[in-house]
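# Observations on the three-dimensional arrangement
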Amino acid sequence: MKNEPNGTYLIELAVPFNQFSKKNFDIDIVSPKGGEIPIYHSGDTATIVKSIIKNELFKSKTKNSLKPTEINPKEYLAVIIPGGYGQFWDTHKDDNILKIISEIYDYGGIIGTIGHGTATLINVKLKSGEYLVKDKTMTSFPTWNEKNIMKQSNFGKLLPYDMETELKSRGANLKVYNHQKKINYEIVDSENRLITASFANSGEFVANEILKLINETK
């Protein structure tokens, strides 16, 4: 995008990966084509991220992501969708990826999204035929923020759709981040097994809330 590398934003993948690794969960990374996934960052990576990217398991998993056909949804407790603009171009319209998310959720799994990762949910339909986001209380990266500060997307002009508009049209109970009140940037809809966060620095929050729900349902 704008002749710059794109894909998954590093901190939004690395931090949740670390949280689940510490709890000894098996972690798989899946991408539309499998193999090495494109990761980018802004050069402001935190100390914890610099440590995680040296981890041999993390390096192996990000260089050898699974294809959707290699995933058995019945084996998974949760899905985390990290942000990065790549979500707007491939995962949100990859039928196999959407089916995996749908089936894991229908089997009782938990869904977590961070920042722009929420874009992947707009086309996920459950076996009932309804959109996964329908009647779910959630948040996403705010459109006003995109238009004000995100140079990489040319302030939203390069994006194929407006995430807020699409989520609302699919029946989501969308709570947009309020800068003055500092609310609606992290939302847990525990009844509906959905955790969403507006910004890249919420990876630890999303991972920890998923871990709580996993423990509650054991």
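Just above, that's the structure.
A brief report on the enclosed structure follows.

What counts, and at which threshold
- Residues numbered from 1 in each chain as written.
- Predicted model: local features only at pLDDT ≥ 70, side-chain atom pairs only at ≥ 80, totals over all residues.
- Heavy atoms only, no water.
- Phe/Tyr/Trp six-rings, centres within 6.5 Å; stacked < 30°, edge-to-face > 60°.
- Lys NZ or Arg CZ within 6 Å of the ring centre and 35° of its normal.
- Helix = DSSP H or I, 4+ residues; strand = E, 2+ residues; numbered from the N terminus.
- Pairing = 2+ DSSP bridges.
- Axes fitted to C-alpha atoms, helices over the stretch in contact; angles between N-to-C directions.
- Expected span 1.5 Å × (residues − 1).
- Buried < 20%, exposed > 50% of the residue type's maximum accessible area, 1.4 Å probe, protein only.
- Contact = heavy atoms within 4.5 Å.
- Polar contact = N/O pair within 3.5 Å; in protein donor to acceptor, adjacent residues only side chain to side chain.
- Left-handed = near helix turned anticlockwise from the far one by under 90°.
- Nonpolar A, V, L, I, M, F, W, Y, C, P; charged D, E, K, R; others polar.
- 1 Å grid on protein atoms, 1.4 Å probe; cavity = no way out; pocket = protein on both sides within 12 Å on 5 of 7 lines; lining within 4 Å.
- Points joined across faces, edges and corners; volume = space filled by probe spheres on them.
- Parallel < 35°, antiparallel > 145°, perpendicular 65-115°, else oblique.

Turning to the packing of aromatic side chains, a few remarks are in order. Per the counting criterion, the structure on display carries nine aromatic pairs. Among the aromatic side chains, those forming a connected cluster through ring pairs are Phe141, Trp144, Tyr177, Tyr185 and Phe199. The ring of tyrosine 131 carries arginine 170 above its face, with NZ or CZ at 4.9 Å from the centroid.

Here we come to unusual backbone geometry. In most cases, non-glycine residues show a negative phi, while peptide bonds are predominantly trans. Its identity is not glycine, yet asparagine 24 carries a phi of approximately 65°, on the positive side. Within the secondary structure, asparagine 24 is located in the loop between helix 1 (10–22) and strand 2 (39–40). Despite not being glycine, aspartate 135 shows a phi value in the positive range, around 65°. Relative to the elements of secondary structure, aspartate 135 occurs in the loop between strand 4 (110–114) and strand 5 (137–138).

The next thing to look at is the sheet that holds strand 7 (residues 186–189). Reading across the sheet, the four strands line up as 3-4-8-7 and stay open at both edges, with mixed pairing between neighbours. A strand with exactly one partner marks an edge of an open sheet, and here the two such strands are strand 3 (78–81) and strand 7. Averaged over all neighbouring strand pairs, the angle between strand axes comes to 5°, with direction disregarded. Relative to strand 8 (residues 194–197), strand 4 runs parallel, the two being bridged by four bridges. Its bridge partner being in strand 8, glycine 112 is matched across the sheet by isoleucine 195.

Before going further, it helps to spend a moment on helix 4 (residues 95–106). Residue pairs three or four apart in sequence face the same way in an α-helix, which turns once every 3.6 residues. Under the 1.5 Å per step criterion, the end-to-end length of helix 4 is 16 Å for 12 residues, consistent within 8% with the ideal 16 Å. Every buried residue belonging to helix 4 is among Ile97, Leu98, Ile100, Ile101, Ser102, Ile104 and Tyr105, and all of these are buried. Contact partners of the buried residues in helix 4: strand 3 and strand 4. For helix 4, the N-terminal capping position is held by aspartate 94, with its side-chain oxygen 3.1 Å away from the main-chain nitrogen of asparagine 96.

Two elements in contact, helix 1 and helix 7 (residues 203–216), have axes whose closest approach is 8 Å; the angle formed by their N-to-C orientations is 35°. Considering only the axes of helix 1 and helix 7, their crossing is right-handed. Along the contact surface, helix 1 presents Val15, Pro16, Gln19 and Phe20, while helix 7 presents Gly203, Glu204, Ala207, Asn208, Ile210, Leu211 and Ile214. Grouping the constituent residues of the contact of helix 1 with helix 7 by class yields seven nonpolar, three polar and one charged.

Our focus in this paragraph is the layout of surface pockets. Empty space within the largest pocket amounts to approximately 990 Å³. Forming the boundary of the largest pocket are 39 residues, of which Asp28, Ile29, Val30, Val79 and Ile80 lie nearest the centre. Of all the secondary-structure elements, those providing two or more residues to the lining of the largest pocket are helix 1, strand 3, helix 4 and helix 7. Partitioned by chemical class, the residues of the lining of the largest pocket number 25 nonpolar, eight polar and six charged. Size it by volume and the second largest pocket reaches roughly 360 Å³. Every residue lining the second largest pocket is counted, 19 residues in all, and those nearest its centre are Tyr9, Ser42, His116, Met150 and Ala200.

With that settled, the discussion passes to the side chain of threonine 139. Examined against the element boundaries, threonine 139 turns out to sit in the loop between strand 5 and helix 5 (143–149). In this structure the side chain of threonine 139 is engaged in a polar contact, spanning 3.1 Å, whose partner is the side chain of serine 198. In this structure, threonine 139 is in contact with Thr118, Leu174, Lys175, Val176, Tyr177, Asn184, Tyr185, Glu186, Ile187, Thr196, Ala197 and Ser198, ignoring residues within four places of it in sequence.

This next bit is on the packing of helix 1 against helix 3 (residues 56–63). Packing of helix 1 against helix 3 leaves a shortest axis separation of 11 Å and a crossing angle of 125°. By the angle between their directions, the pair helix 1 and helix 3 is classed as oblique. Considering only the axes of helix 1 and helix 3, their crossing is right-handed. Contacts from Leu10, Leu13, Ala14, Phe17 and Ser21 in helix 1 reach Leu57, Phe58, Lys61 and Thr62 in helix 3.

Just geometry here; none of it tells us what the structure is for.
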